[in-house]
Amino acid sequence: MEKLIYMDNAATTRVLPEVFEAMKPYFTEEYWNPASAYKTSGEAAQKVEESRAVIANAIGADPKEIFFTAGGSESDNWAIKGVADALKEKGNHIITTKIEHHAVLHTCEFLEKHGYEVTYLPVDENGVVNPADVEAAIRPETILISVMFANNEIGTIEPIAEIGKIAHEHKIYFHTDAVQAFGHEEIDVNTMNIDLLSSSAHKINGPKGIGFLYIRKGVKISNLIHGGGQENGRRAGTTNTAGTVGYAKATEIALARMADRKKYESALRDRLIDKVLAEIPYTRVNGHREKRLSNNVSFCFRFIEGESLLIMLNQKGICASSGSACTSGSLDPSHVLLAIGLPHEIAHGSVRLTLSEETTEEDIDYIVDTLKQIVDRLRSMSPLYEDFVKKNKQ
């Protein structure tokens, strides 16, 4: 394959050279276990704490409120299961939405099997949850509200500050899955009244296998992983020193470039959306047009199968996805697209294209031209499309 255009940055991003260089010594030279007693170990532990401070500063938190994990899924599991266990004497009700990542939804389903009750709130046609619906769902036994910051499939940014205010007024813990938003959107856990926040380094040009859970001081939460006394006794397991260093470096770079990156990516995103809608009929954009991540584009093309489209895009050197990378092997339509009201036959024709600051206008134009050719070809083989055209000509 000669040409390669990577448009799946919501699934993962490449590790930046600066990040890799910052991590290298902690694999080969300064490989000490931070929990050991000798001097070099203490130096490694100090580097971990410096990394923790960088990440805490990015969201307005105290470094003691940042706990490193293996990634976003673990952080989501810990936040929800940990609060559920710690507050089981107080209540057994959790509020979330129908469009959460499966790390949240499957965790909630697990808890339902163990006596907890979960309210899955609907969203509108743009994927936005109504804060009034959140407040209306609150019961005396509600112990946690979990709403993602920005959706991983359609890019919609949720009204987090409003929901956090509601949760705070009702003295209920508020968790947000910010895996897609951290390093891409401005986050302040204090002004937004966020009690728990999940993130993962590999979404911001950092390494895979390292994430964090922000836990506000005073929040009651049980441990998820037991064993040693790492992470101030809250999360057992040998500290991933190289990972924490890489995470901090990636965070520094992401914050420094955020404003320019968002401006650049938004322009390319809108160019892609406008050209596709103008040149390919019977196409819709999924998600909110304005309140969306700067690098996220989600389309549904009627009368085609998304999986066929992805295969043919790949043959043309374009890497894309049909939605969440965690469910890429599933033949079922996206739960997110169904939640925003799309029928199965339209939801099946979806594709997600997530760009980066390395994407160019030439890439966008090539993608549009390629999409047009592939969609035309697939529709020419569709009896549904043929019948649709005949009916509309009558």
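Residues numbered from 1 in each chain as written. Predicted model: local features only at pLDDT ≥ 70, side-chain atom pairs only at ≥ 80, totals over all residues. Heavy atoms only, no water.

1. Topic: the nonpolar core
The biggest cluster of nonpolar side chains holds 60 residues, and the ones touching the most others in it are Ile59, Ile145, Phe182, Ile187, Phe212 and Tyr247. Residues Ile318, Leu353, Ile364 and Val375 belong to the second largest nonpolar core, which totals 27 residues. (Core = buried A, V, L, I, M, F, W, Y, C linked by side-chain atoms within 4.5 Å. Buried < 20%, exposed > 50% of the residue type's maximum accessible area, 1.4 Å probe, protein only.)

2. With respect to the packing of helix H3 (residues 39-58) against helix H9 (residues 241-279)
When two helices pack together, you describe them by how their axes are tilted relative to each other and by the distance separating the axes. Following both chains from N to C, one finds H3 and H9 inclined at 30°, their axes separated by 9 Å at the closest point. In this structure, H3 meets H9 at a crossing whose hand is left-handed. Residues Ala44, Lys47, Val48, Ser51, Val54, Ile55 and Ala58 of H3 form the contact with H9, whose participating residues are Thr241, Thr244, Val245, Tyr247, Ala248, Thr251, Glu252 and Leu255. The residue inventory of the contact of H3 with H9, partitioned by class, reads nine nonpolar, four polar and two charged. (Axes fitted to C-alpha atoms, helices over the stretch in contact; angles between N-to-C directions. Helix = DSSP H or I, 4+ residues; strand = E, 2+ residues; numbered from the N terminus. Left-handed = near helix turned anticlockwise from the far one by under 90°. Contact = heavy atoms within 4.5 Å. Nonpolar A, V, L, I, M, F, W, Y, C, P; charged D, E, K, R; others polar.)

3. Digging into the pairing of strand E6 (residues 173-177)
Counting buried residues along E6, five of its five residues qualify, which places the element largely inside the surrounding structure. Where burial is concerned, the two faces of E6 agree: the one with Tyr173, His175 and Asp177 and the one with Phe174 and Thr176 are both buried. Bridge analysis of strand E5 (residues 142-146) against E6 gives three bridges, and the strand direction is parallel. Looking at the pairing, Ser146 lines up with His175 of E6. With helix H7 (residues 160-169) bridging E5 and the parallel E6, this β-α-β connection has right-handed handedness. (Pairing = 2+ DSSP bridges. Right-handed = clockwise from strand over helix to strand, strands pointing away.)

4. Some details on the pattern of salt bridges
In this structure the tally under the stated criterion is 22 salt bridges. The residue Arg139 makes a salt bridge to Glu117 at a minimum N-O spacing of 2.4 Å. Of this pair, Arg139 sits in the loop between helix H6 (131-137) and E5 while Glu117 sits in strand E4 (residues 117-121); the two residues are 22 residues apart in sequence, bridging distant segments of the chain. In this structure Arg139 comes out as partly exposed when scored by relative accessible area, which is 30%. The class for Glu117 is partly exposed, based on a relative accessible area of 38%. (Salt bridge = Lys/Arg side-chain N within 4 Å of Asp/Glu carboxyl O.)

5. Details of the sheet that holds E5
Note on sheets: strands pair through backbone hydrogen bonds, and any given pair is parallel or antiparallel. On the basis of which strands lie adjacent, the open sheet formed by seven strands has the order E2-E8-E7-E6-E5-E3-E4 and mixed pairing. Strand pairing shows two members of the sheet lacking a second neighbour, strand E2 (66-69) and E4, which therefore form its edges. Going across the sheet, the axis of each strand differs from the next one's by a mean of 20°, ignoring polarity. As judged from the four bridges shared by E2 and strand E8 (residues 211-215), these two strands associate in the antiparallel manner. Note that in E8 the partner of Phe68 across the bridge is Phe212. Across the face of the sheet, H3 comes into contact with E2 and E8 while running at roughly 110° to E2.

6. Remarks on H9
Across its 39 residues, H9 extends only 49 Å between first and last C-alpha, which sits more than 12% below the 57 Å expected from 1.5 Å per residue. Where H9 bends most, at Met258, the angle is about 65°. (Expected span 1.5 Å × (residues − 1). Bend = angle between axes of the 7 residues up to and from the residue.)

7. Remarks on the side chain of Thr69
For Thr69, the location among the structural elements is in strand E2. For Thr69, a relative accessible area of 3% corresponds to the buried category. Here Gly71 takes part through its backbone oxygen, which lies 3.1 Å from a polar atom of the side chain of Thr69. Within the structure, the side chain of Thr69 is placed 2.8 Å from the side chain of Ser75, a separation counted as a polar contact. (Polar contact = N/O pair within 3.5 Å; in protein donor to acceptor, adjacent residues only side chain to side chain.)

Limitation: the analysis is restricted to geometry and does not speak to function.
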